[in-house]
Amino acid sequence: MKVHGKPMRSIWLAPDAQAAEAIDQTRLPHALVTVRLTTLDEAAHAIRSMQVRGAPLIGATAAYGVWLALRADASDGALEHGLAVLRGTRPTAVNLHWALDDMRQLLAPLPPAERVAAALRRAEAISDEDVAINRAIGAHGLKLLEDAWARKGRQGRLEVLTHCNAGWLATVDFGTALSPIYQAHDAGIPVHVWVDETRPRNQGAQLTAWELGQHGVPHTVIADNVGGHLMQHGQVDLCIVGTDRTTAQGDVANKIGTYLKALAAKDNGVPFYVALPSPTIDWTLRDGVREIPIEQRDGTELSDVTGRLASGEVATVRITPEGSPAANYAFDVTPARLVTALITERGVCPASHDGLLSLFPERRGRAE
Ligand SMILES: CSC[C@@H](O)[C@@H](O)C(=O)COP(=O)(O)O
């Protein structure tokens, strides 16, 4: 996407081809800072600390991380060590594990002397594939937004609510949930986005709002608990969110709070869509609530808040009493029954096993 008129991706090969570079998302929206990743440990830290975050971007960063590991040592042991370090960074986004499995399948059979070049080629291919997938998700999602706009008589604004950041910052480019919104805006549909702030890391307030502002998409940041009220008063035409892992039955793991939004949408007859790139489908799982690992992060992400002071200085302050424990669950699972449809790069389908198999028939009968 464009930042101050200049095309950018969230991660890219450094011009000297000796490193990967990425937007440090912990510095947004107050500063646009690039972080240079030259080692396995720097790539792992970038994922763990959320300098880079979002399921597809985590996968792409991990692929570059394997390349960086092999640049230092292309032995079998170094490959396995690198895969293990990266796999241990975050548990929920299946893209991380898919990308690492993909890299291992490619690299393990190769002689060490061929691994570095092959790893870089694959990491770049994974990034390019993500961009193509997201463009396609945008095109399929655009049709849903056009239909919603037509149902509304093309009057007023098309009111869309989203949770967390499933925009281009969460992917290599274009985003998933925000991709249809960008395409609708560019097609002249007067879309307005209710942006859930998304406590505690504020991916909505700090990242989605920044992205939408950069592209000129009208939006309003709201507290996470406002969405149900807006839906009760007819101020939301549809919801669209991303996912970190979707089961073969259509259960959706996404940022904490997504499930509650889906409940409110169901109660108010508001369509609830999930933008789902196929690398985020976990074909091995059936029951998301029971089987998807939910990341628990440090409680200081809840007790402390970082922002810009009136002086312009960025500072972190504590908002809870000293000694009050904080439980920081980073994701929840929305059962398929609350999902209106899944928007994949191959089209839109019901949130069900049959629905997914209708778009991915090659998965029928495969023992996962
Ligand atoms: C296309 S990104 C989809 C999801 O990864 C996104 O909605 C989300 O939950 C991100 O969580 P995060 O903890 O910021 O990595």
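Each chain carries its own residue numbering, running from 1 in the direction its sequence is written. The predicted nature of this model means local features are confined to residues of pLDDT at least 70 and side-chain atom pairs, given and counted, to a pLDDT of 80 or more, with totals for whole chains, interfaces and linings taken over all residues. Computation of side-chain values covers all heavy atoms of the structure but excludes hydrogens and water.

As annotated in an unreviewed UniProt entry, the protein chain carries the name Methylthioribose-1-phosphate isomerase and comes from Myxococcus virescens. UniProt positions are given in the numbering used here, feature names are shortened, and annotations may be inferred rather than shown by experiment. In its Catalytic activity (unreviewed entry) section, UniProt records this for the protein chain: "5-(methylsulfanyl)-alpha-D-ribose 1-phosphate = 5-(methylsulfanyl)-D-ribulose 1-phosphate". As stated in UniProt under Sequence similarities (unreviewed entry), the record for the protein chain gives "Belongs to the EIF-2B alpha/beta/delta subunits family. MtnA subfamily."

Undergrad: Requested: an account of the overall build of the protein chain, with residues and values cited.
TA: Helix and strand assignments come from DSSP, with helices taken as H or I runs of at least 4 residues and strands as E runs of at least 2, each series counted from the N terminus. Scanning the protein chain from N- to C-terminus turns up 12 helices and 18 strands. For a compact globule of 368 residues, the expected C-alpha radius of gyration is about 21 Å, and the protein chain comes in at 20 Å, within 12% of that figure. When each of the 368 residues of the protein chain is scored for burial, the buried share is 55%. The contact criterion used is simple: two residues touch if any of their non-hydrogen atoms lie within 4.5 Å. Considering only residue pairs separated by 6 or more positions, the protein chain has 73% of its internal contacts joining residues 24 or more positions apart. For the protein chain, the computed accessible surface area is about 14900 Å², with 52% contributed by carbon and sulfur atoms. For the radius of gyration, the atom set is restricted to C-alpha positions; the globular benchmark scales as 2.2 Å times the number of residues to the power 0.38. A 1.4 Å probe rolled over the protein chains alone gives each residue an accessible area, and that area as a share of the maximum for its type sets the label: buried under 20%, exposed over 50%, partly exposed in between. Each accessible area value is a Shrake-Rupley result obtained with a 1.4 Å probe; residue values ignore everything except the protein chains displayed when judging cover.

Undergrad: So what about the UniProt feature "active site" (unreviewed entry) in the protein chain? Which residues, and what values?
TA: Under the UniProt annotation, "active site" (unreviewed entry) lies at Asp244. Looking at where Asp244 falls in the secondary structure, it is placed in the loop between strand 9 (238-241) and strand 10 (245-247). Discounting chain neighbours no more than four positions away, the residues touching Asp244 are Ala55, Thr92, Ala93, Val94, Asn95, Ala253, Asn254, Lys255, Thr280 and Phe331.

Undergrad: Lay out the domain arrangement of the protein chain in plain terms, naming residues and giving numbers.
TA: If you check the domain split of the protein chain, you get domain 1 (2-129) and domain 2 (139-363). The split into domains, and so the bounds of each, comes from an automatic or database assignment of domains. Computed over C-alpha atoms, the centres of domain 1 and domain 2 are 24 Å apart. Facing the 32 residues of domain 1 at the interface are 34 residues of domain 2. For the pair domain 1 and domain 2, the two sides together bury roughly 2700 Å², of which 58% comes from carbon and sulfur. Accessible area that two parts lose when put together, with a 1.4 Å probe and added across both, is what the buried area reports. The three residues of domain 1 that bury the most area against domain 2 are His30, Arg53 and Thr92, which together make up 23% of that side's buried surface. We count a salt bridge whenever a side-chain nitrogen from Lys or Arg sits within 4 Å of a carboxyl oxygen from Asp or Glu. Applying the counting rule to domain 1 against domain 2 returns 1 salt bridge. Between Arg90 and Glu295 there is a salt bridge, and its shortest N-O distance comes to 2.9 Å. Here a polar contact is taken to be a pair of N or O atoms separated by no more than 3.5 Å, where protein atoms must pair a possible hydrogen donor with a possible acceptor and residues adjacent in sequence count only if both atoms sit in side chains. Applying the counting rule to domain 1 against domain 2 returns 14 residue pairs in polar contact (both at pLDDT 80 or more). Residue assignment for the side of domain 1 that touches domain 2 shows that the elements contributing at least two residues are strand 1 (2-3), helix 2 (55-72) and helix 4 (94-107).

Undergrad: Can you explain the site of the ligand? Please cite residues and give values.
TA: If you check the shell around the ligand, you find 19 residues, and the closest are Arg90, Gln203, Asp244, Asn254 and Lys255. Asn254 places a polar side-chain atom, nitrogen or oxygen, 2.7 Å from an oxygen atom of the ligand. Side-chain polar atom of Lys255 to an oxygen atom of the ligand: 2.7 Å apart, as the coordinates give it. Here the ligand loses 100% of its free accessible area of 420 Å² to cover by the protein chains. Site definitions follow a grid-based scheme: protein atoms alone, a 1 Å grid, a 1.4 Å probe that fits but cannot get out for cavities, and for pockets an open set with protein on both sides within 12 Å along at least five of seven lines, plus lining residues having an atom within 4 Å of a point. Being in a pocket or cavity means that more than half of the molecule's atoms lie within 2 Å of its grid points. Placement of the ligand is best described as lying within the largest cavity. Of all the secondary structure elements, the ones that give two or more residues to the shell around the ligand are helix 2 and strand 11 (252-255). Note on residue categories: nonpolar means Ala, Val, Leu, Ile, Met, Phe, Trp, Tyr, Cys or Pro, charged means Asp, Glu, Lys or Arg, and polar means any other residue, Gly included. Residues of the shell around the ligand, tallied by class, amount to 7 nonpolar, 8 polar and 4 charged. We call a residue near a molecule or strand whenever a single non-hydrogen atom of that residue lies within 4 Å of it.

Undergrad: Which residues make up the side chain of Gln51, and what values go with them?
TA: One can find Gln51 in the loop between helix 1 (40-48) and helix 2. The contacts of Gln51, once residues within four sequence positions are left out, are Ile23, Asp24, Gln25, Thr26, Val35, His45 and Ala46.

Undergrad: Could you give an account of the sheet that holds strand 3 (residues 11-13), with specific residues and numbers?
TA: Any two strands with at least two DSSP bridges between them are considered paired. Across the sheet, 3 strands lie side by side as 3-4-5; this open sheet has antiparallel pairing. For this open sheet the edge positions go to strand 3 and strand 5 (34-37), each flanked by a neighbour on one side alone. Across the sheet, the mean angle separating the axes of adjacent strands is 25° when strand polarity is ignored. With 4 bridges connecting them, strand 4 (residues 20-23) and strand 5 associate as antiparallel partners. To get an axis, a line is fitted to the C-alpha atoms, and for a helix only the part in contact is used. The angle between two axes follows their N-to-C directions and goes from 0 to 180 degrees.

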